[in-house]
Amino acid sequence: MKRIASFFLILSVVLTQVFGQASAQRNSVPYHGMRLENNQKGFSITSVSKNANRITVSFSSPVNPQTIAKSNILINGKAISSSPYNAQIRFDRSGRSMEIELECQAPSGNISINGVKSFNGENLSPNTAKL
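Note that the structure is a prediction, hence the values are computed from the model and not measured.

## Brief notes about the overall build of the chain
Thought 1: Each helix and strand in the chain was counted, giving one helix and ten strands.
Thought 2: For the chain, the N- to C-terminal ordering of α and β elements is α-β-β-β-β-β-β-β-β-β-β.
Thought 3: When the 131 residues of the chain are sorted by exposure, 31% land in the buried category.
Thought 4: Here the contacts in the chain between residues at least 6 apart in sequence split such that 54% fall between residues at least 24 apart.
Thought 5: Total accessible area computed for the chain in this model is approximately 8,200 Å², and 53% of it derives from carbon and sulfur atoms.

Encoded structure:
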């Protein structure tokens, strides 16, 4: 009798684990091994700041870094991959903040980020912000 009770106890624990994980993953997207909730409404730039030769762009949800290309990030219509910018890009751990380090002083004007998507597949809209 104890063996049957032990069997059902183990079975219930296993089933709880399997179905519990399935329901937790239903509303999340993977990001660098972490699960992030997929309940954002719209993917947009939330803020842009500049300090000397660095520009920090914050987003409403994590960016899919595979959709970012330096040639698609424009400052006043010029790609950051070209001179005088020759920029480097870094993301914070959450994927919601991107730092652009330029080889020159960060100018005033506009920054446009084209072709970028969030981890849940949303396109960035609007994709232009004031520096």
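## Concerning the side chain of Ser 97
Thought 1: You can see Ser 97 is positioned in strand E8 (residues 97–101).
Thought 2: Aside from chain neighbours lying at most four places away, what touches Ser 97 is Thr 56, Val 57, Ser 58, Arg 90, Phe 91 and Asp 92.

## Side note on the pairing of strand E7 (residues 88–91)
Thought 1: In terms of strand pairing, E7 meets E8 through four bridges, oriented antiparallel. The residue bridging Gln 88 from the neighbouring strand is Glu 101, located in E8.
Thought 2: In this antiparallel pair of consecutive strands, E7 and E8, the connection spans five residues, and Gly 95 shows a positive phi of 80 degrees.

## Things to note about the sheet that holds E7
Thought 1: A sheet is described by the order of its strands in space; here four strands give the open sequence E3-E4-E8-E7, paired in antiparallel fashion. Each edge of the open sheet carries a strand with a single partner, namely strand E3 (45–51) and E7. Pairwise comparison of adjacent strand axes, ignoring direction, gives a mean angle of 15 degrees for this sheet.

## As for the nonpolar core
Thought 1: In this structure, Ile 55, Val 57, Phe 59, Ile 100, Leu 102, Ile 111 and Ile 113 are the most contacted members of the largest nonpolar core, which totals 23 residues.
Thought 2: If you list the elements that add at least two residues to this core, you get strand E4 (54–59), strand E5 (73–75), E8 and strand E9 (110–113).
Thought 3: Broken down by element, the residue count for this core peaks at three residues, all from E4.

## Notes on the sheet that holds strand E10 (residues 128–130)
Thought 1: Overall, antiparallel pairing links the four strands, which are arranged E6-E5-E9-E10 in an open sheet. Pairing within the sheet leaves two strands with one partner each, and these edge strands are strand E6 (78–79) and E10.

## So, the pattern of salt bridges
Thought 1: All told, the structure shown has four salt bridges when counted by the stated rule.
Thought 2: We note a salt bridge from Glu 99 to Arg 54, for which the minimum N-O separation is 2.9 Å. With Glu 99 in strand E8 and Arg 54 in strand E4, the pair connects residues that are 45 residues apart, well separated along the chain.
Thought 3: Its relative accessible area of 23% is what places Glu 99 among the partly exposed residues.
Thought 4: Given the relative accessible area of 32%, Arg 54 is considered partly exposed.
Thought 5: Arg 90 serves as the salt-bridge partner of Glu 99, at 2.6 Å between the closest nitrogen and oxygen.

Conventions we followed
Residues numbered from 1 in each chain as written. Predicted model: local features only at pLDDT ≥ 70, side-chain atom pairs only at ≥ 80, totals over all residues. Heavy atoms only, no water. Helix = DSSP H or I, 4+ residues; strand = E, 2+ residues; numbered from the N terminus. Buried < 20%, exposed > 50% of the residue type's maximum accessible area, 1.4 Å probe, protein only. Contact = heavy atoms within 4.5 Å. Areas by Shrake-Rupley, 256 points an atom, 1.4 Å probe, with all protein chains shown as cover. Pairing = 2+ DSSP bridges. Axes fitted to C-alpha atoms, helices over the stretch in contact; angles between N-to-C directions. Core = buried A, V, L, I, M, F, W, Y, C linked by side-chain atoms within 4.5 Å. Salt bridge = Lys/Arg side-chain N within 4 Å of Asp/Glu carboxyl O.

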